[in-house]
Amino acid sequence: MKFAVVKFPGSNCDRDMLNAAVKAGGEAEYVDYRETSLEAYDGVLVPGGFSFGDYLRSGAMASVAPITRAIKEAAASGKPVLGVCNGFQILTEIGLLPGALIFNDTHTFISRNEVLTITNNETAFTSGYEKGESVIFPVAHGEGHYYCDDETHETLVENNRIVLTYNDNPNGSRADIAGIVNEAGNVFGLMPHPERALETLLGSDDGMRLFEKMNDWEANHDHIH
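Residues numbered from 1 in each chain as written. Predicted model: local features only at pLDDT ≥ 70, side-chain atom pairs only at ≥ 80, totals over all residues. Heavy atoms only, no water.

With an unreviewed UniProt entry as reference, the chain is termed Phosphoribosylformylglycinamidine synthase subunit PurQ, source organism Salinicoccus bachuensis. Under the UniProt heading Subcellular location (unreviewed entry), the entry covering the chain gives this text: "Cytoplasm". The UniProt entry for the chain carries the following comment under Pathway (unreviewed entry): "Purine metabolism; IMP biosynthesis via de novo pathway; 5-amino-1-(5-phospho-D-ribosyl)imidazole from N(2)-formyl-N(1)-(5-phospho-D-ribosyl)glycinamide: step 1/2." (UniProt positions renumbered as here; feature names shortened; annotations may be inferred.)

## A word on the pairing of strand β9 (residues 162-166)
Every regular strand shows the same layout, with side chains that alternate between the two sheet faces. Taken across its five residues, β9 has five buried, putting it largely inside the fold. Relative to β9, strand β6 (residues 110-118) runs antiparallel, the two being bridged by three bridges. The partner of L116 across the bridge, within β9, is Y166. (Buried < 20%, exposed > 50% of the residue type's maximum accessible area, 1.4 Å probe, protein only. Helix = DSSP H or I, 4+ residues; strand = E, 2+ residues; numbered from the N terminus. Pairing = 2+ DSSP bridges.)

## Focus on the sheet that holds β6
Spatial strand order, β2-β1-β3-β4-β11-β10-β9-β6-β7: nine strands in an open sheet with mixed pairing. The open sheet has two free edges, formed respectively by β2 (27-32) and β7 (134-141), since each of these has just one partner strand. On average, each strand axis in the sheet is inclined to that of its neighbour by 25°, with strand direction left out of account. Two strands pair when backbone bridges link them, and strand β1 (residues 2-7) and β2 are joined in this way by six bridges, in the parallel orientation. Bridging across to β2, K2 finds its partner in E27. On top of the sheet, helix α5 (residues 208-215) reaches β1, β3 (43-46), β4 (81-84) and β11 (187-190); it is set at about 160° to β4, its chief contact. (Axes fitted to C-alpha atoms, helices over the stretch in contact; angles between N-to-C directions. Contact = heavy atoms within 4.5 Å.)

If you want it as structure tokens, here you go:
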């Protein structure tokens, strides 16, 4: 699998994301936000950070960058698209995932390890985990409160699209939601950082299995070219 790590002005987790993809056995390259095609790649990784300085609101400026159309095309073609933190915010801004990420209830920036629960291990991203398994990923955000209306929440629950929840909700997210997938199951957005959880020496290696499963994608999906 060859992954594109999309870089916007203000991205600051791009190196961590590239390292995670390579460490898990894949290939990865940085792709500038001014590019217009991702056809050369098997998957897309949208890293965390503060794209365009979070001007207007997190992910808003990135949502109109030239690369956006290519990210949508990659998702429509069935390629895996992973958005972490600011990447999750961008995926909601461009309509690949429902809902929005708003300010933490405390209106403070939170940076610490969080214990999370894998609530859906039937996605291609999380099939390496047990359902109900507790994992530790770091969080680092000021706008991580996942918001959606009642109808959207009901749809997410009915279709088993809530993949990850907080054990001790740090930001006020609805129903403790930390990560969701799209209807097709190939777009995953989450606020915690699995790419920073690859070494027990640094507190957790629970993120590695997510990237290992993304590298298995091609073997399990015959529609990736």
